[in-house]
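Structural features, examined
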Amino acid sequence: MKKINKIFNTAKRDKWVVEYDSDLDTLYWSKPKISAGATSKKFLDDFSMYINKKGIVEGIFIEYAKHNFVSHNTEYKALFDELVKVGGDKYIIPKENAKNVEDLLQGMANMVANETLDAVLKGVDLKNMVSA
Amino acid sequence: MPNYRNSFEDYSGTTIVVDWADELWTNHINKHPEIRDYAFASRLIAEALLHPSLVVSGEKPGDKENIVCYYKQNKRYENEIHYTKVVVGCNSKPFYVKTVFQRWALFDIAVQEKKYDFKEVYRDQKTYL
């Protein structure tokens, strides 16, 4: 998986958006539309990633985000404070609020990178995980 | 596009429906492209409900909604498993599909609900989940 430690740069380049589904309590930080052919992979405790056929990460999603992830990572409550309801159960962080959460998202990207490193040190074979 | 609507029966004979407006379908397909289209999504849901590998039930953290999660093991590679997950809401009848997606995961972290004291209500003894 290419440049796991550069997820934040990938997110900026590919204009990822933060979306939240309150019915599912799932948080997405991803391309607005994940590519057909991208595969979801979960090798970290809190995060699932969408990885396309070129090994590029297209997004991260967190299940039970508000009522579990945030309870263990309270700094991310601020992310939820920036969400705006756009219809039904869907919330987004609008472009004009994006700067307010940039540090938090950088922190999330670092968390993913560090947990990935931990997973590799524990023996997870990322090559298999990515190519499967 | 017409709503995504269908009705299924799970392994215990319980009727479960899906009734998603176009916007809700679009939200799902944008984040879970593997569900492809209405017909394929229905195949995934039907298979997971009728022939699950693992079923867990409990209260969703936060709003305490009663949910049942059906996991269907599709394939395995060493300590990784590919599965379909269908989340069903049970606060009204008929029960209703809240989401469906597919994923690869390491065995020991595949079932997120293990962290929240969900009860195991069915297990195929051959599953690695």
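In case you missed it, the structure is sitting above this.
Residues numbered from 1 in each chain as written. Chains lettered and ligands numbered in written order. Predicted model: local features only at pLDDT ≥ 70, side-chain atom pairs only at ≥ 80, totals over all residues. Heavy atoms only, no water.

1. Quick look at the interface of chain A and chain B
Filter applied, for reference: In what follows, a contact means two residues having at least one pair of non-hydrogen atoms within 4.5 Å. The term buried area denotes the loss of accessible surface (1.4 Å probe radius) that occurs when two parts are joined, taken as the sum for both partners. Between Lys or Arg on one side and Asp or Glu on the other, a salt bridge is scored when a side-chain nitrogen of the former is within 4 Å of a carboxyl oxygen of the latter. Secondary structure counts use DSSP, requiring at least four H or I residues in a row for a helix and at least two E residues in a row for a strand, with both numbered from the N terminus.
Contacts between chain A and chain B engage 35 residues on the former and 31 residues on the latter. Around 2800 Å² of area is buried between chain A and chain B when both sides are counted, 52% of it from carbon and sulfur atoms. At the junction of chain A with chain B, the criterion picks out six salt bridges. A salt bridge links B:Lys98 to A:Asp23, with the shortest nitrogen-to-oxygen separation between them at 2.7 Å. Going through the elements one at a time, strand S1 (17-21), strand S2 (26-30), strand S3 (39-42), strand S4 (48-51), helix H2 (65-72) and helix H5 (126-131) of chain A are the ones with two or more residues in the side of chain A that touches chain B.

2. Concerning the packing of aromatic side chains
Residues and elements named next belong to chain B. What counts is decided by this rule: Working definition: a ring pair exists when centres of Phe, Tyr or Trp rings (six-membered ring for Trp) sit within 6.5 Å. Plane angles under 30 degrees give stacked, over 60 give edge-to-face, the rest tilted. Relative accessibility thresholds used throughout: buried, under 20% of the residue-type maximum; exposed, over 50%; partly exposed, between the two (1.4 Å probe, protein chains only).
One pass over the structure, following the stated rule, counts 19 aromatic pairs over all chains. Taken together, a centroid distance of 5.4 Å and an interplanar angle of 55 degrees make the contact between Tyr71 and Tyr83 tilted. One end of the pair, Tyr71, is in strand S4 (residues 66-77); the other, Tyr83, is in strand S5 (residues 80-89), with twelve residues separating them in the sequence. Residue Tyr83 is classed as buried on the basis of its relative accessible area, which comes to 0%.

3. Details of the pairing of strand S5 (residues 57-62) of chain A
A regular strand carries its side chains on alternate faces of the sheet. Residues and elements named next belong to chain A. To be explicit about the condition: Between any two strands, at least two bridges found by DSSP are needed for them to pair.
With respect to burial, S5 is a largely interior element, six of its six residues being buried. Relative to S5, S4 is paired through four bridges, and the arrangement is antiparallel. Residue pairing in the sheet places Ile51 in a bridge with Val57 of S5.

4. Details of the layout of surface pockets
As a reminder of what qualifies: Cavities and pockets were defined on a 1 Å grid built from protein atoms only: a cavity is a group of points that admits a 1.4 Å probe but offers it no way out, a pocket is an open group of points flanked by protein on both sides within 12 Å along at least five of seven lines, and a lining residue is one with an atom within 4 Å of any such point. Grid points are joined across faces, edges and corners, and a volume is the space filled by probe spheres set on the points. Residue type decides the class: Asp, Glu, Lys and Arg count as charged, Ala, Val, Leu, Ile, Met, Phe, Trp, Tyr, Cys and Pro as nonpolar, and the leftover types, Gly among them, as polar.
Computed from the structure, the largest pocket encloses a volume of approximately 470 Å³. Lining the largest pocket are 18 residues, with A:Lys15, A:Trp16, A:Val17, A:Lys95 and A:Ala98 sitting closest to its centre. Of all the secondary-structure elements, those providing two or more residues to the lining of the largest pocket are helix H1 (7-13), S1, strand S7 (90-92) and helix H4 (102-121) of chain A. Among the residues making up the lining of the largest pocket, the classes are represented as twelve nonpolar, no polar and six charged. If you add up the space inside the second largest pocket, you get close to 380 Å³. Listing elements by their share of the lining of the second largest pocket, those giving two or more residues are S1 of chain A together with strand S2 (15-20), helix H1 (22-31) and strand S6 (95-106) of chain B. When residues of the lining of the second largest pocket are assigned to their parent elements, the largest contribution, six residues, is made by H1(B). A per-class count over the lining of the second largest pocket returns ten nonpolar, six polar and nine charged.

5. Regarding H2(A)
Think of an α-helix as turning once every 3.6 residues; residues three or four places apart then point the same way. Along H2(A), the residues classified as buried are A:Ala65, A:Asn68, A:Phe69 and A:Val70. Structurally, H2(A) contributes buried residues whose contacts are with S1, S2, S5, helix H3 (77-81) and H4 of chain A.

6. Quick look at the pattern of salt bridges
Residues and elements named next belong to chain A. With the rule as written, the count across this model stands at 20 salt bridges over all chains. Among the salt bridges present, the one from Lys12 reaches Glu102, with a minimum N-O distance of 3.4 Å. Of this pair, Lys12 sits in helix H1 while Glu102 sits in helix H4, and the two are 90 residues apart along the sequence. On the basis of relative accessibility, which here comes to 48%, the residue Lys12 falls in the partly exposed class.

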